[in-house]
Every structure is written in C-alpha cells, then in structure tokens.
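Architecture at a glance
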Amino acid sequence: QQQQQQYSRGNHHSDSGGRFGQHGRKKHLSELVILENSDNAICIINDTAQFNKVSADYKFMVLPDHRWKCEVYLEGQFVAAGIGPKKTVKHIAAEEALAKLRQTQAVVKSNLRKDGNEDAISRNQILGRSAEEAFRQEIKEDNIGNQLLRKMGWKGGGLGREGEGIAEPIKVKEQFTREGLGLDMERSGNQLNKRDIEEIIRNYASSDRQDDLRFSTELNNDERKQIHQMAQKYGLRSKSYGQGMQRFLIVSRKVQKEQLIGQLLQEGQVGRYELVKPQASH
C-alpha cells in the first residue's frame, strides 16, 4: 500500500553522481569537455563532472507502465533521459547523455592498454628499489647509538675489537596493521609493506614525469589497497582495472582541465590522452 501511495505521488528521487561544482558562475553545457577514462557510461559522466568541476545528478521516476525513467543533469541542466528496467535504467540514461554530449563536445580520451605486463612495475622491482634506498641511508653522526659507540672507541666499520662484527645496522620491519608480530614468519619473503610502496610513490610525486605508474597484475588486494592509500597521501590519482588475476592498478597525476587541453591542442597527444573532436564537426 505504501508503495502504491508512493507511485501515485509521482515517485521520483535523485541520485547524485558527485558534487564537484565551485561557487561562482554556473557553467553551461557547451563549456564541458568529456573525460573518457572508462568503458562504463556512468563512470564517464561522473569523471566528466569532476574534470569540469560541475555537479552530476540522476533523477528517477516510475512510469504508469511500471518501467523506470532516469534523467541526467550536469550542473543542474538537463542532458538526456533513458527508460528501462530499474536495474539498468541509469546506464541507459548515461549512454543517452554521452551520445548527446559527443555530438557537440570535445572528448579527452584515455588510451589505456588493458593487457600485458611489459611496462608494469613488478613486486620484485618495488622491493629492489626499496632495498637500494635503505642501503643508501646512513646512520648520521647525531644519532644517539652512533654517539654511544664512538664514546666506547668505535670509529666506523664493523663492531668488535678487530672490527669483525656487523657493519650494517639491523633492519627493523615496521608492522602497520593490527596483525600479530609473528604472522610475518608465515608469509612469503617478498610481501610488500608500506615503506616499500611509499618510496616509489614519493619519488614519482616529486618528479617531473608525465607518464603513469602501472603496477603488475601479480600484486594482491592488500598491496593494491596500500598503493591507493599512498597515492592519496601524495595527491595522486589511482584506479584499478580488470577482474581477478588480470586486475592491475594505475597511479597518475591528477588531470587539470585547462593545462591538459592546452597541451593536447599543441601536441595532439599527452601521455595516454588524446583529444577527439565533436562528432558534429567531423
């Protein structure tokens, strides 16, 4: 009965794909540039809203024949509508909206290769880079342990009267999760930790590189989760693609619309992005 009453009132509700608008002048649809980072129409609409810093909204209502209608709005402006079953109506509407926008708006398209590991960063590469970084880190002279050893006559090199002891400090593996200290003994020796991942993400963030970091499909869910967290910490964008054993992760710089469009107009292609003209102008 409640359901019938809801329908009789016109039953409509909205679903926000994300509020990315800024205070100030409202953007017109003609100013938008489509960002195509995915094969999924809803993801493209939401990415486009974020790229252009506008809001994306989906409004739903039930029709008299019990089918659903979904309307797509960008920055409060109607774009297109779709009609179909409740499960798929949002996708139908997003496809209709994209088809309409492509007629008049330019598309920044991501040519992301979804297969192969040739240029992907493997677990061993990450561990190797982390080990090199650790080897380069020396114990500074202001270190308390360094000072105590020197007071006892140590002058560098190995420990002991003849310098026959260890020369490198014992490495401590930090435990970042709530797991017990003994758990690591049961794991394989090449499991990545936050320190391994942070070094490679930090170096990328501080560099002038414009390409993306692609991480191998061999990484597990926990390792990908840590990469996502570290990318967020350093102000980078990260996204996983693929399913199951073919799932991989891309870390990239956050795309600034004006800067990217300017480069694309000059060079035609920047990294994995290319500019596609509106279909109506072809």
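Described below are features of the structure shown in this document. Since we're looking at a predicted model, the values are computed, not measured. (Residues numbered from 1 in each chain as written. Predicted model: local features only at pLDDT ≥ 70, side-chain atom pairs only at ≥ 80, totals over all residues. Heavy atoms only, no water.)

Some remarks on the nonpolar core
Ranked by size, the top nonpolar core spans 26 residues in total, and within it Ile45, Tyr58, Leu74 and Val79 carry the most contacts. Here this core gets six residues from one element, more than from any other, and that element is helix 3 (residues 89-104). Here Val79 is in contact with Leu29, Val72, Tyr73, Leu74, Ala97, Lys100 and Leu101, once residues within four sequence places are set aside. With 16 residues, the next largest nonpolar core counts Ile126, Leu213, Phe215 and Leu236 among its residues. (Core = buried A, V, L, I, M, F, W, Y, C linked by side-chain atoms within 4.5 Å. Buried < 20%, exposed > 50% of the residue type's maximum accessible area, 1.4 Å probe, protein only. Helix = DSSP H or I, 4+ residues; strand = E, 2+ residues; numbered from the N terminus. Contact = heavy atoms within 4.5 Å.)

Comments concerning the pattern of salt bridges
Tallied over the entire structure, the rule returns five salt bridges. Glu71 is the salt-bridge partner of Lys69, the closest N and O atoms lying 3.6 Å from each other. A residue is classified by how much of its surface remains accessible, and Glu71, at 13% relative accessible area, is buried. Between Glu223 and Arg123 there is a salt bridge; the shortest N-O distance is 2.7 Å. Of this pair, Glu223 sits in helix 7 (residues 221-233) while Arg123 sits in helix 4 (residues 123-136), and the two are 100 residues apart along the sequence. (Salt bridge = Lys/Arg side-chain N within 4 Å of Asp/Glu carboxyl O.)

Looking at the packing of helix 2 (residues 41-52) against helix 3
In contact at an axis separation of 8 Å, helix 2 and helix 3 are set at 55° when each is read in the N-to-C sense. Classified by the angle between their axes, helix 2 and helix 3 sit oblique to one another. In this structure, helix 2 meets helix 3 at a crossing whose hand is left-handed. Together, Ala41, Ile42, Ile44 and Ile45 of helix 2 and Lys90, His91, Ala94, Glu95, Ala97, Leu98, Leu101 and Arg102 of helix 3 make up the contact between the two elements. Residue classes in the contact of helix 2 with helix 3 are distributed as eight nonpolar, one polar and three charged. (Axes fitted to C-alpha atoms, helices over the stretch in contact; angles between N-to-C directions. Parallel < 35°, antiparallel > 145°, perpendicular 65-115°, else oblique. Left-handed = near helix turned anticlockwise from the far one by under 90°. Nonpolar A, V, L, I, M, F, W, Y, C, P; charged D, E, K, R; others polar.)

Brief notes about unusual backbone geometry
The phi angle at Lys53 is positive, at roughly 60°, despite the residue not being glycine. Its place among the elements puts Lys53 in the loop between helix 2 and strand 3 (55-62). A residue is classified by how much of its surface remains accessible, and Lys53, at 33% relative accessible area, is partly exposed. A positive phi angle, close to 75°, is found at His66, a residue other than glycine. Following the sequence through the fold, His66 ends up in the loop between strand 3 and strand 4 (68-74).

A word on helix 6 (residues 194-205)
When the terminal C-alpha atoms of helix 6 are compared, their 16 Å separation across twelve residues agrees well with the 16 Å that a helix rising 1.5 Å per residue should span. Residues of helix 6 that are buried include every one of Asp196, Ile197, Glu198, Glu199, Ile200, Ile201 and Tyr204, and no others. (Expected span 1.5 Å × (residues − 1).)

Regarding the pairing of strand 8 (residues 236-241)
Of the pairings in the sheet, the one linking strand 8 to strand 9 (residues 248-253) comprises six bridges and is antiparallel in character. Considered in strand 9, the bridge of Leu236 is made with Arg253. The turn linking strand 8 back onto strand 9 is made up of six residues, and Gly242 within it adopts a positive phi angle of 85°. (Pairing = 2+ DSSP bridges.)

Description of the environment of Arg102
Its place among the elements puts Arg102 in helix 3. Considered as a pair, Arg102 and Lys277 are 175 residues apart in the sequence and their alpha carbons are 8.6 Å apart. Beyond its immediate sequence surroundings of up to four residues, Arg102 is in contact with Ile34, Glu36, Ile44, Val107, Pro278 and Gln279.

What about a nonpolar patch on the surface?
Where nonpolar side chains cluster on the molecular surface, the patch consists of Ile144, Leu148 and Met152 and spans about 370 Å² of accessible area. Tracing the backbone shows Met152 in the loop between helix 5 (144-151) and helix 6. (Patch = residues over 30% accessible without salt bridge, like charges linked within 9 Å, V, L, I, M, F, W, Y side chains within 5 Å. Areas by Shrake-Rupley, 256 points an atom, 1.4 Å probe, with all protein chains shown as cover.)

A few points about the pairing of strand 11 (residues 273-276)
Relative to strand 11, strand 6 (residues 107-110) runs antiparallel, the two being bridged by four bridges. Across the sheet, Lys109 pairs through a bridge with Glu274, a residue of strand 11. Where strand 10 (residues 269-270) meets strand 11, two bridges bridge the pair, whose relative direction is antiparallel. Bridge pairing in strand 11 places Gln269 opposite Glu274.

Overview of the sheet that holds strand 8
Adjacent strands of a sheet pair through backbone hydrogen bonds, lying either parallel or antiparallel. Across the sheet, which stays open at both edges, the three strands sit in the order 7-9-8 with antiparallel pairing between neighbours. The open sheet has two free edges, formed respectively by strand 7 (213-215) and strand 8, since each of these has just one partner strand. Strand-to-strand twist in this sheet, taken as the mean axis angle between neighbours without regard to direction, amounts to 20°. Strands in contact with helix 7 are strand 7, strand 8 and strand 9; relative to strand 8, the strand with the most contacts, it is inclined by about 155°.

Nothing here speaks to function; it is all geometry.
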